[in-house]
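Residue-level listing of the chains:
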Protein chains: 2
Amino acid sequence: MKLVLHNYWRSSASYRTRIGLALKQLAYAYVPVNLRDGEQHGDAHKAKNPLEFVPVLEIVEDDGTVRTLTQSLAILEYLDERWPEAPLLPRDAYLRARTRALAEIINSGIQPHQNLATLKRLKALGVNEQAYAQGYIERGLVAYERLAADVAGHFSVGDLPTLADCALIPQLYAARRFSLDIARFPLLAAIEERCLALPAFVAAAPDRQVDAVTS
Amino acid sequence: MKLVLHNYWRSSASYRTRIGLALKQLAYAYVPVNLRDGEQHGDAHKAKNPLEFVPVLEIVEDDGTVRTLTQSLAILEYLDERWPEAPLLPRDAYLRARTRALAEIINSGIQPHQNLATLKRLKALGVNEQAYAQGYIERGLVAYERLAADVAGHFSVGDLPTLADCALIPQLYAARRFSLDIARFPLLAAIEERCLALPAFVAAAPDRQVDAVTS
């Protein structure tokens, strides 16, 4: 079995998936899809994901079967079901639901309003796209901080990193790009510090990827 | 145990949750949250969901413990784990991931761009919010039709209704409100017809709810 991740260093959905893969210590081939150059709109990528988004995970089985997966949260759930070690969800059903709800605050509540495609579209419509995205980021992080307070331990839910942290850390990285002051969210800042002390989160960080442009 | 669903007849995330509850034949108290009157922004609702969205599901256990859940997909996953009968996900891990990915096309790919809060915000910014939402609906349904073609049977994934259908049917209902011609999506139209022949989908429909305004 071989895993191939089609992704982009700075895409937060890609970053989420890399964290999950690293937490589970799964090796994968890294295939960059350059979003700035529009590679996600090319026929090769569209055949893998008609929504023209990253990440896409290909699972090449030993018998040659290739399974293609889209959507970062669906990919993370798949990893968790197939490789249960280092679980991304708690055991208790209620806490699992709270974990998924935190991840969705980011996945459906923030990210759709701040991704590159949305920003471009808004800008073309004459909207201040930075302010638009900032509003959603702020609102989402306020909600995350409040809801995580009920269930957090060392991490967003309990004392082990979960799906929620896989979503949170890339969102905080993105929030800084939109000039938000993370110190306003003391719980999130504390969780981030603990996550970034773990090798899996370090290895998944945008600046560490082969396609990173850091100049 | 008692279930209380805080929701709104025409909200598509509410509608998704009602379908899941009905498929599992779970009774619940229906508490309307009038989005048109802004009840979701009131203190009572914000205490339940700081994102000020519906639905919110409260689970009142026999010992009096109240558990509060937000985010329609997280709620549906919870229902499926706690009441496994009439499963909302296939057994096979890969098909489960494909099911979740279809649901996410709608949940994170379309709905954030067409919900009431977004439409109001865009309108205030001088954007033609109807056209904006239409673009995302069209793009999302094209992707859903393409990806569902790999895995559909009588329903979106295989021959039983799943989480994906819980998301699809409310999205098609919303698409009509935005004047999209569903006939352009023959697979989705066929799946919709089969879903709407099931009592659970009929019972969950917006027009059947106590707070529906049909005049």
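On a predicted model such as this, the values are computed, not experimentally measured, just so you know.

Colleague: Is there a simple way to think about the interface of chain B and chain A in this case?
Modeller: The extent of an interface is frequently quoted as the accessible surface area lost upon association of the parts. The partner chain A presents 43 residues to the 43 residues of chain B that form the contact. A buried area of about 4000 Å², summed over both sides, lies between chain B and chain A, and 60% of it is on carbon and sulfur atoms. Across the salt bridge formed by Arg-100 of chain B and Glu-77 of chain A, the nearest N and O atoms sit 3.6 Å from each other. At the junction of chain B with chain A, the criterion picks out 18 residue pairs in polar contact (both at pLDDT 80 or more). In terms of residue count, the dominant contributor to the side of chain B that touches chain A is helix α4 (residues 93–107) of chain B (10 residues). Partitioned by chemical class, the residues of the side of chain B that touches chain A number 22 nonpolar, 9 polar and 12 charged.

Colleague: I'm lost on the sheet that holds strand β2 (residues 29–32) of chain A in this one. Help?
Modeller: What holds strands together in a sheet is hydrogen bonding between their backbones, with the strands either parallel or antiparallel. Residue and element names in this part refer to chain A. One open sheet holds the 4 strands; their spatial order is β2-β1-β3-β4, and the pairing between them is mixed. Every interior strand has two partners, whereas the edge strands, β2 and β4 (66–70), have only one. Neighbour-to-neighbour, the strand axes of the sheet open up by a mean angle of 20°, direction not taken into account. Against the sheet, helix α3 (residues 72–82) makes contact with β3 (56–60) and β4, and its axis sits at roughly 130° relative to β4, the strand it touches most.

Colleague: Explanation requested: empty space enclosed by the protein in the structure shown.
Modeller: The rolling of a water-molecule-sized probe over the atoms marks out the regions of remaining empty space. With the rule as written, the count across this model stands at 1 cavity of 30 Å³ or more. The computed volume of the largest cavity comes to approximately 140 Å³. In terms of lining, the largest cavity is formed by 13 residues, of which the most central are Glu-77 and Glu-104 of chain A together with Leu-73, Glu-77 and Glu-104 of chain B. For the lining of the largest cavity, the elements supplying multiple residues, two or more each, are α3 and α4 (93–107) of chain A together with α3 (72–82) and α4 of chain B. Per-class residue counts for the lining of the largest cavity are 7 nonpolar, no polar and 6 charged.

Colleague: Any chance you could explain the side chain of Thr-162 of chain B here in plain terms?
Modeller: Positionally, Thr-162 of chain B belongs in the loop between α7 (129–148) and α8 (163–177). Excluding residues that lie within four positions of it along the chain, Thr-162 of chain B makes contacts with Leu-88, Pro-90, Thr-99 and Val-157 of chain B.

Colleague: Explanation requested: the packing of helix α1 (residues 12–23) of chain B against α3 of chain B in the structure shown.
Modeller: Two numbers describe a pair of packed helices, the interaxial angle and the distance between the axes. All names here are of chain B. At their nearest, the axes of α1 and α3 sit 9 Å apart, and the two run at 5° to each other. Taken together, α1 and α3 sit at an angle that is classed as roughly parallel. Along its contact with α1, which presents Ala-13, Arg-16, Thr-17, Gly-20 and Leu-21, the element α3 presents Ser-72, Ile-75, Leu-76 and Leu-79. The residue makeup of the contact of α1 with α3, split by class, is 5 nonpolar, 3 polar and 1 charged.

Colleague: I'm lost on the side chain of Ser-12 of chain A in this one. Help?
Modeller: Position of Ser-12 of chain A relative to the elements: it lies in helix α1 (residues 12–23). With relative accessibility at 8%, the residue Ser-12 of chain A sits in the buried group.

Colleague: Teacher, can you tell me more about the relation of the copies chain B and chain A here?
Modeller: Note: a rotation about an axis with an accompanying shift along it relates these two copies of the chain. If you rotate chain B by 180° and push it 0.0 Å along the axis, it lands on chain A with an RMSD of 0.0 Å. Classification of the inter-copy transformation places it as that of a two-fold axis. No C-alpha of chain B approaches the rotation axis more nearly than that of Ser-108 of chain B, which lies at 2.1 Å. A share of 100% of interface residues in chain B that are also interface residues in chain A marks the association as one of identical surfaces.

Colleague: Looking at this structure, how should I read unusual backbone geometry?
Modeller: A negative phi holds for most residues other than glycine; trans holds for most peptide bonds. Here the residue pair Val-54 of chain A and Pro-55 of chain A is connected by a cis peptide bond, since its omega of 0° sits within 30 degrees of zero. Mapped onto the fold, Pro-55 of chain A is located in the loop between α2 (43–48) and β3. For Glu-52 of chain A, which is not glycine, the phi torsion reads 65° and is therefore positive. Within the secondary structure layout, Glu-52 of chain A lies in the loop between α2 and β3. If you check the backbone angles, Ala-86 of chain B has positive phi at about 55° while not being a glycine. Relative to the helices and strands, Ala-86 of chain B is located in the loop between α3 and α4.

Rules of the game
- Within every chain, residues take consecutive numbers counted from 1 along the sequence as written.
- Starting at A for chains and at 1 for ligands, labels are handed out in the order in which the entities are written.
- The predicted nature of this model means local features are confined to residues of pLDDT at least 70 and side-chain atom pairs, given and counted, to a pLDDT of 80 or more, with totals for whole chains, interfaces and linings taken over all residues.
- Heavy atoms from the whole structure form the basis of all side-chain values; hydrogens and water molecules are not counted.
- Contact criterion: two residues are considered in contact whenever any of their non-hydrogen atoms come within 4.5 Å of each other.
- Note: buried area is the sum, over both parts, of the accessible area (probe 1.4 Å) each one loses when the two are combined.
- The salt bridge definition used is simple: a Lys or Arg side-chain nitrogen within 4 Å of an Asp or Glu carboxyl oxygen.
- In protein, a polar contact means a hydrogen-donor-capable atom and an acceptor-capable atom, both N or O and within 3.5 Å, with residues adjacent in sequence counting only if both atoms are side-chain atoms; elsewhere, any N or O pair within 3.5 Å suffices.
- Comment: elements are numbered from the N terminus, with helices defined as DSSP H or I runs of at least four residues and strands as E runs of at least two.
- Polar here means any residue other than Ala, Val, Leu, Ile, Met, Phe, Trp, Tyr, Cys and Pro, which are nonpolar, and Asp, Glu, Lys and Arg, which are charged; Gly is therefore polar.
- A pair of strands is treated as paired once DSSP finds two or more bridges between them.
- An axis is simply a line fitted to the C-alpha atoms; with a helix, the fit covers only the stretch in contact. Between two such axes, the angle follows the N-to-C directions and lies from 0 to 180 degrees.
- Using protein atoms alone on a 1 Å grid, points that fit a 1.4 Å probe yet trap it form a cavity, whereas open point sets bounded by protein on both sides within 12 Å along at least five of seven lines form a pocket; residues with an atom within 4 Å of a point count as lining.
- Grid points are joined across faces, edges and corners, and a volume is the space filled by probe spheres set on the points.
- Roughly parallel means an angle under 35 degrees; roughly antiparallel means over 145; roughly perpendicular covers 65 to 115; every other angle is labelled oblique.
- Relative accessibility thresholds used throughout: buried, under 20% of the residue-type maximum; exposed, over 50%; partly exposed, between the two (1.4 Å probe, protein chains only).
- Copy-to-copy alignment: least squares on C-alpha atoms, limited to residues at pLDDT 70 or above in both.

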